[in-house]
Amino acid sequence: MARRSMPILRQFWNFPSSNLTPTRSVTYMPRPGDGAPRAVTLIPGDGIGPLVTGAVEQVMQAMHAPVYFERYDVHGDMDRVPEEVIQSIKKNKVCLKGGLATPMGGGVSSLNVQLRRELDLYASLVNCFNLPGLPTRHQDVDIVVIRENTEGEYSGLEHEVVPGVVESLKLITKFCSERIAKYAFEYAYLNNRKKVTAVHKANIMKLADGLFLESCREVATKYPGIKYNEIIVDNCCMQLVSKPEQFDVMVTPNLYGNLVANTAAGIAGGTGVMPGGNVGADHAVFEQGASAGNVGNEKLLEQKKANPVALLLSSAMMLRHLQFPSFADRLETAVERVISDGKYRTKDLGGSSTTQEVVDAVIAAID
Amino acid sequence: MATQLLRRRVTQILSHGSPNPISLPRPFSSATDTIRATLFPGDGIGPEIAESVKQVFRTAEVPIEWEEHYVGDQVDPRTQSFLTWESLESVRRNRVGLKGPMATPIGKGHRSLNLTLRKELNLYANVRPCYSLPGYKTRYDDVNLITIRENTEGEYSGLEHQVVRGVVESLKIITRQASLRVAEYAFHYAKTHGRERVSAIHKANIMQKTDGLFLKCCREVAEKYPEITYEEVVIDNCCMMLVKNPALFDVLVMPNLYGDIISDLCAGLIGGLGLTPSCNIGEGGIALAEAVHGSAPDIAGKNMANPTALLLSSVSMLRHLNLHDKADRIQDAILNTIAEGKYRTADLGGTSTTTDFTKAICDHL
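The text that follows walks through the structure, step by step, so that each part is easy to find. (Residues numbered from 1 in each chain as written. Chains lettered and ligands numbered in written order. Predicted model: local features only at pLDDT ≥ 70, side-chain atom pairs only at ≥ 80, totals over all residues. Heavy atoms only, no water.)

**A word on the interface of chain A and chain B**
Rules: Throughout, a contact is declared for two residues whenever any of their heavy atoms are within 4.5 Å. Take the accessible area each of two parts loses on contact, using a 1.4 Å probe, and add the two losses: that sum is the buried area. Here a polar contact is recorded for every N or O atom pair within 3.5 Å, except that within protein the pair must consist of a potential hydrogen donor and a potential acceptor, and residues adjacent in sequence are included only if both atoms are side-chain atoms. Where helices and strands are cited, they refer to DSSP runs of H or I of at least four residues and of E of at least two residues respectively, numbered from the N terminus. Nonpolar residues are Ala, Val, Leu, Ile, Met, Phe, Trp, Tyr, Cys and Pro. Charged residues are Asp, Glu, Lys and Arg, and all others, Gly as well, are polar.
The partner chain B presents 49 residues to the 55 residues of chain A that form the contact. Together, the buried faces of chain A and chain B total about 4,400 Å²; carbon and sulfur atoms form 65% of this surface. Of all residues in chain A, the largest losses of buried area upon contact with chain B belong to Arg137, Glu158 and Met238 of chain A, amounting jointly to 15% of the total for that side. Where chain A touches chain B, the interface holds 18 residue pairs in polar contact (both at pLDDT 80 or more). Only strand E6 (158–162), strand E7 (165–173), helix H6 (208–221), helix H7 (233–242) and helix H8 (254–267) of chain A provide two or more residues apiece to the side of chain A that touches chain B. The element that contributes the greatest number of residues to the side of chain A that touches chain B is E7 of chain A, accounting for nine residues. The residue makeup of the side of chain A that touches chain B, split by class, is 24 nonpolar, 21 polar and ten charged.

Okay, here's the thing in structure tokens:
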């Protein structure tokens, strides 16, 4: 409830003609030297990636945010993420990235997955919520999908047994299931969320998803203030399209998380607006939340009509992660104001603006 | 005029031609001979809704003789489950059946009922037509798609083991034979029902060899049907497109796990499992229509159940038997009853009982 009303209240606070007093009166007290500019690795990526990361750079500059970007070019058709990029992320601890295209069936493993494994970014977080002013079929959606990012179906361990028969291994370990469950409950605790739902298919995959559920149940007992329940993945998708307001935080293994996050993003306004990121014990990489459409297609690229909102909101998440809450608030408010005004919206939101027009509107709306 | 348009659209969707191009000739082709069909009423609300179906068929004078079989209370060693060998033989003999919801008995030492049916009858494709019911408003009004799911392998092979404590492996198996079989069925279905596009759903960018093999098989079959557009869609894109704009899809063909999730998602788009028909196709032209909802033990015996799913599934069974005029009549009656809105069961927001709803349908015939 607080989360949903905050953006609306904030809009009122920041209008110059408003006479409502802001309710946040206790200020954020930084440590001396916190204002020094922080380096953030920037990977523009493929397709519409450079366009939307360019948008973020422009907005950051306009806000004079204390971040500077170290740009590295990585493309989906390289075999490995270059070592210098990994070193840079390890040094800076934070990265902002556009989508990396994965060639289909080409024998090259996805660079997105490689990056997550190398840096052990074991939790992927996607926040799907209704933006005020953006009409969707479903209202009252405010779901955070926390997805295990390193194992499960995406282990990449496949082989051909005999010609015409292929096997793929799905790995579930207690170690990874426990840490993702711990992250999910800790997230819920720190963000005042009331319920955590585990998504599984343990009626069919009894041992694998059974192990995942066992870990979730163990961690749930340590957080008695947070409600915990379990739902089978096919029922979950059905409930998402009919009654999405019942979900709060969802914790899932790798593959189901992908589907659930994209479905939730679709019902709440589309993947062009949902922020997200991947986080591990030491590093964090922020990118467009849901994976569908993060590289875009040729037409979007030519006409430069990609939606920068998702990456802008993810960069607001990044600013908060870097402990610059006031910049994060201002950016988020500006973006929400632009969306709710409705004049500058890209095609996926029903409008016809270009990326640059939306960026200019956001810059104008920052105060 | 509207009824005709509705009929045409709905006929396209629900009619089943001969599903397997190499199926054996069926002994029944004239509408006057009585056809024997196996009926599994199931548990919970099963018997009530099966009674609805029987009543509607009687009123419509459908020449079907039901052979009822119930789930036993002892494990039959020949089938290793609660379903007896006689029940399975009956389906194999009659080649067509209708199944109500069955509750899975808990415990070990026996196979689940659905698994038994699937393995013994070699039911390799699950077909679920999903289309918005006129008169029952959901958030999505223009859904008109069919999901065809491979039913035998994939992630649901059940081959799991614990490697060491705390590490579990589960095998996902994709074979050329099963993928070709389901792709053939999908394209054949699309052709016989006048559908224009078949989309294969996959995650081959990550699972390159397994889903890659599935896609290769689909592509091979697509070449044999040049008049049908074929496309491949990654599953996360598919989920997103389905919830934003379900009209983009026509026929979807998928491996097991994705099929399970997507077909339930599509059922959710049109109003839930209580309204979705489903049909399982087996080798040799066997068709087992079933209601996919649960047995709802909490409303069993209270005359509150919604028989729509089982009725629509029985209609698809009739089309499989080429009894198209009867199928059309019953289907129109069901859709008109729901569209009118006077008689609706509790799950659709009304207050009618099962018997009232059934009577209303019979009146519409």
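**Some remarks on helix H6 (residues 210–224) of chain B**
Threshold: Helix span, expected: 1.5 Å multiplied by one less than the number of residues in the helix. Buried, partly exposed and exposed residues are distinguished by accessible area as a fraction of the type maximum, computed with a 1.4 Å probe on protein chains only: under 20%, between the cut-offs, and over 50%, respectively.
With 15 residues, H6 of chain B extends 23 Å from end C-alpha to end C-alpha; this agrees with the ideal 21 Å at 1.5 Å per step. Within H6 of chain B, the full set of buried residues consists of Thr210, Asp211, Gly212, Leu213, Phe214, Leu215, Cys217, Cys218, Val221 and Ala222 of chain B.

**Describing the nonpolar core**
Inclusion rule: Residues enter a nonpolar core if they are buried and are Ala, Val, Leu, Ile, Met, Phe, Trp, Tyr or Cys, with the set joined through side-chain atoms within 4.5 Å.
Among the nonpolar cores identified, the biggest contains 125 residues, and Met60 and Leu331 of chain A are the most heavily contacted of them. In contact with Met60 of chain A, not counting residues within four places along its chain, are Ala65, Val67, Phe69, Ser315, Met318, Leu319 and Leu331 of chain A. Formed by 72 residues, the second largest nonpolar core is a distinct cluster that contains Ile228, Val253, Ile281 and Leu318 of chain B.

**Thoughts on the sheet that holds strand E7 (residues 167–175) of chain B**
Where we set the bar: By the convention used here, strands pair only if DSSP detects at least 2 bridges between them. An axis is simply a line fitted to the C-alpha atoms; with a helix, the fit covers only the stretch in contact. Between two such axes, the angle follows the N-to-C directions and lies from 0 to 180 degrees.
Spatially, E6(A)-E7(A)-E7(B)-E6(B) is the arrangement adopted by the four strands of the open sheet, whose pairing is antiparallel. Edge positions in the sheet fall to E6 of chain A together with strand E6 (160–164) of chain B, since each has one partner strand and no second. When strand polarity is set aside, the average angle formed by the axes of neighbouring strands in this sheet is 35°. Relative to E7 of chain B, E6 of chain B runs antiparallel, the two being bridged by four bridges. Counterpart to His161 of chain B in the pairing with E7 of chain B is Glu169 of chain B.

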